[in-house]
Amino acid sequence: MGCAISSRKGKLDGNRHDVDSKGSIKPSAFVAENTNRLTDIYKLGKLLGSGAYADVRICYLKENGAKRAVKIIKKQSLSGNNIRQKIENEKEIIKSLDHPNIIRFYEFFEDAKKLYIIMEYSNGSEFFSQILQNESYSEIQAAKIMYQIFSILSYLHDKNIAHRDLKPESMLIDKDTLKVIDFAEASVITTRISQKVGSLFYSAPEVMFGTHTTSCDLWSAGVILYILLTGYHPFSGINDDETLKNIKNIKYTTTGKIWNQISSLAKELVSLLLCDHSRRISANDALHHPWILNFTQIFSPETPIISSALENLKHFTNTSVLRDAVHFFLTMQRVSTGDIKILGEVFKKIDKNDDGKISKQELINEYTNTLGVIQAESEVEKIMKEVDTNNDGYINYTEFLKAALDIRKMLSIENLRAAFRNFDKDFSGRISVLELKRVVSERNLLSHKTWTEILKEVDLNCDGEIDLIEFEKLVLMKGQAETEENADDKN
Ligand code: AMP
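As recorded in an unreviewed UniProt entry, the chain goes by non-specific serine/threonine protein kinase and comes from Stentor coeruleus. Taken directly from UniProt, the Cofactor (unreviewed entry) text for the chain runs: "Mg(2+)".

What follows is the structure, encoded as structure tokens:
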């Protein structure tokens, strides 16, 4: 296949291991600025909620009717001098997120007055309204929720991202699954910073009176835990001044009628969260606190499809850089909410230490049950080579989805055309080497020459670019090969 295949056979072959040892495809490459008008691409639906500076509406992708949510930020209502920087900061952070308890972001639009953030639509209800309806939660219910919050924080803090406005209003809950939807105040923090940010009731004392790090999120988590266990706020005073004073002095109670019925382990965790930042527990340690561990063992989710996901993972082969990029696009942009939900559960089940990524050892543990240790180790070596596209030694959430999904279900002409348009940035109807580089390797670690070679593999008519026909042939060939392979297996 390709324009100059014979001269390079055995050298390039479109195989990523020959050409892409240092290249990387990051999910963020597919969460991009869309330069079209929002209403050309999406039909707007009903209002879901309104805040001080943004509205959230349902929207439908015109092309296939997929239901999504759009956050419409009115730029004029953003305060401060650095509005542009604030917007860019929020976009950069959102693009880097890839976790089952964080809402999936698809793309951005912008016009003179507004920024539009397209995200996954969640059927869930506001976590805040749920708290108002329940007087308090049982310890097991509270632990289920806190486990997810610590898992999100552990993932974010590992990337030095502080959320800085963690509160029930920024979360949706669908049955038992929590999703964080708002990252407007999030920031990458590598040294202590001084900035008053967030909401009074959930803000740590050092945020309001000193300098803070990612640890401020653990305080907010402590306030949420306290509310779940008791039904009231730990620092609430008769007015804001008194509340502020209570927060500053870390003055709250864990005694009285309600607290008599709460376990000492839960109390211990509260005291490790609502304390001076120098003594505060980390997200990762909170995730492994005995109170959380006691309950997480009980509610380990039933996932009947885990074996089929593990099977897909085993058979996943990544035969071409470009095809891999297309699969990434389909996983990021076209997977149904239902599939994401089920595979998200499987991902969390395999990710035993809840750090938001699957390590080699965690995968070996899963396969050992059915294959034995030695075969499991060799299978996992193979899987890591094929699936760990960004070569960081872990399988992250989107890499997992990409490999565990039955990608053939998504190879519709409509999806392939959408993928083509995503590469064809200048809408010329052809993909050039430059366009390929922009999407496939953000860090541009591969030389122009290597990209030209990759393109030649696909460029059947040798015009130096990839047209839609060549593109569809490349991607569908894989689906075809897999179908034939499966048919052979059955015979
Ligand atoms: P926010 O401005 O982020 O607080 O969102 C306002 C309200 O819109 C929320 O309280 C939710 O009820 C709703 N909402 C926000 N994002 C989504 C989403 N991705 N899916 C469904 N509803 C959402």
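Text resumes after the structure shown.
This paragraph deals with the overall build of the chain. Scanning the chain from terminus to terminus reveals 23 helices and 15 strands. Burial statistics for the chain: of 491 residues in total, 52% are counted as buried. The long-range fraction of contacts in the chain, counting pairs at least 24 apart against all pairs at least 6 apart in sequence, stands at 67%. Approximately 22300 Å² of the chain is accessible, and the part contributed by carbon and sulfur atoms is 50%.

Bringing the UniProt feature "binding site: ATP" (unreviewed entry) in the chain into the picture now. According to UniProt, the feature "binding site: ATP" (unreviewed entry) maps to Lys75 in the numbering used here. Examined against the element boundaries, Lys75 turns out to sit in the loop between strand 4 (67-74) and helix 4 (83-95). Those residues in contact with Lys75 that sit more than four places away from it in its chain are Ile83, Arg84, Ile87, Glu110, Asp111, Ala112, Lys113, Lys114 and Leu115. Within polar-contact distance, the side chain of Lys75 engages the side chain of Glu110 at 2.8 Å.

A separate point is the site of the ligand. Around the ligand lies a shell of 13 residues, among which Val56, Lys71, Glu120, Ser122 and Glu126 are the nearest. A distance of 2.9 Å separates a nitrogen atom of the ligand from a polar backbone atom of Ser122. Broken down by secondary-structure element, the contributors of at least two residues to the shell around the ligand are strand 2 (42-50), strand 4 and strand 6 (114-120). For the shell around the ligand, the residue count by class is eight nonpolar, two polar and three charged.

A few words now on helix 8 (residues 216-230). Counted at 1.5 Å a residue, the expected span for helix 8 with its 15 residues is 21 Å, and the 22 Å between its end C-alpha atoms agrees. A large share of helix 8 lies buried, amounting to 15 of its 15 residues. Note on helix 8: the residue one or two positions beyond its end, Gly231, has a positive phi of about 85°.

What follows concerns the packing of helix 6 (residues 139-158) against helix 8. Where helix 6 contacts helix 8, the axes come no closer than 10 Å and their chain directions differ by 170°. The orientation of helix 6 relative to helix 8 falls into the category roughly antiparallel. Residues Glu139, Ala142, Ile145, Met146, Ile149, Phe150, Leu153 and His157 of helix 6 lie in contact with helix 8, whose contacting residues are Asp217, Leu218, Ala221, Ile224, Leu225, Leu228 and Leu229. Its residues assigned to classes, the contact of helix 6 with helix 8 shows 12 nonpolar, one polar and two charged.

Where helix 8 meets helix 11 (residues 264-273), the closest approach of the two axes is 8 Å, and the angle between their N-to-C directions is 145°. In the crossing of helix 8 with helix 11, the sense of the turn from one axis to the other is left-handed. Contact residues: helix 8 offers Leu218, Trp219, Gly222, Leu225, Tyr226 and Leu229, while helix 11 offers Ala266, Leu269, Val270 and Leu273. Partitioned by chemical class, the residues of the contact of helix 8 with helix 11 number nine nonpolar, one polar and no charged.

Note on placement: Asp174 falls in strand 9 (residues 171-174). Accessibility expressed as a relative area gives 19% for Asp174, which makes it buried. Contacts of Asp174, omitting those with residues within four sequence positions, involve Asn123, Gly124 and Lys341.

Turning our attention to unusual backbone geometry. Look at Arg164: it is not a glycine, yet its phi comes out positive at around 70°. By the element assignment, Arg164 lies in the loop between strand 8 (161-162) and strand 9. We classify Arg164 as buried; its relative accessible area is 7%. In this model, Asp354 sits at a positive phi of 55°, which is unusual for a non-glycine residue. Mapped onto the elements of the fold, Asp354 is located in the loop between helix 16 (337-350) and strand 12 (357-358).

The rules behind the values
- Residues numbered from 1 in each chain as written.
- Predicted model: local features only at pLDDT ≥ 70, side-chain atom pairs only at ≥ 80, totals over all residues.
- Heavy atoms only, no water.
- UniProt positions renumbered as here; feature names shortened; annotations may be inferred.
- Helix = DSSP H or I, 4+ residues; strand = E, 2+ residues; numbered from the N terminus.
- Buried < 20%, exposed > 50% of the residue type's maximum accessible area, 1.4 Å probe, protein only.
- Contact = heavy atoms within 4.5 Å.
- Areas by Shrake-Rupley, 256 points an atom, 1.4 Å probe, with all protein chains shown as cover.
- Polar contact = N/O pair within 3.5 Å; in protein donor to acceptor, adjacent residues only side chain to side chain.
- Near = heavy atom within 4 Å.
- Nonpolar A, V, L, I, M, F, W, Y, C, P; charged D, E, K, R; others polar.
- Expected span 1.5 Å × (residues − 1).
- Axes fitted to C-alpha atoms, helices over the stretch in contact; angles between N-to-C directions.
- Parallel < 35°, antiparallel > 145°, perpendicular 65-115°, else oblique.
- Left-handed = near helix turned anticlockwise from the far one by under 90°.

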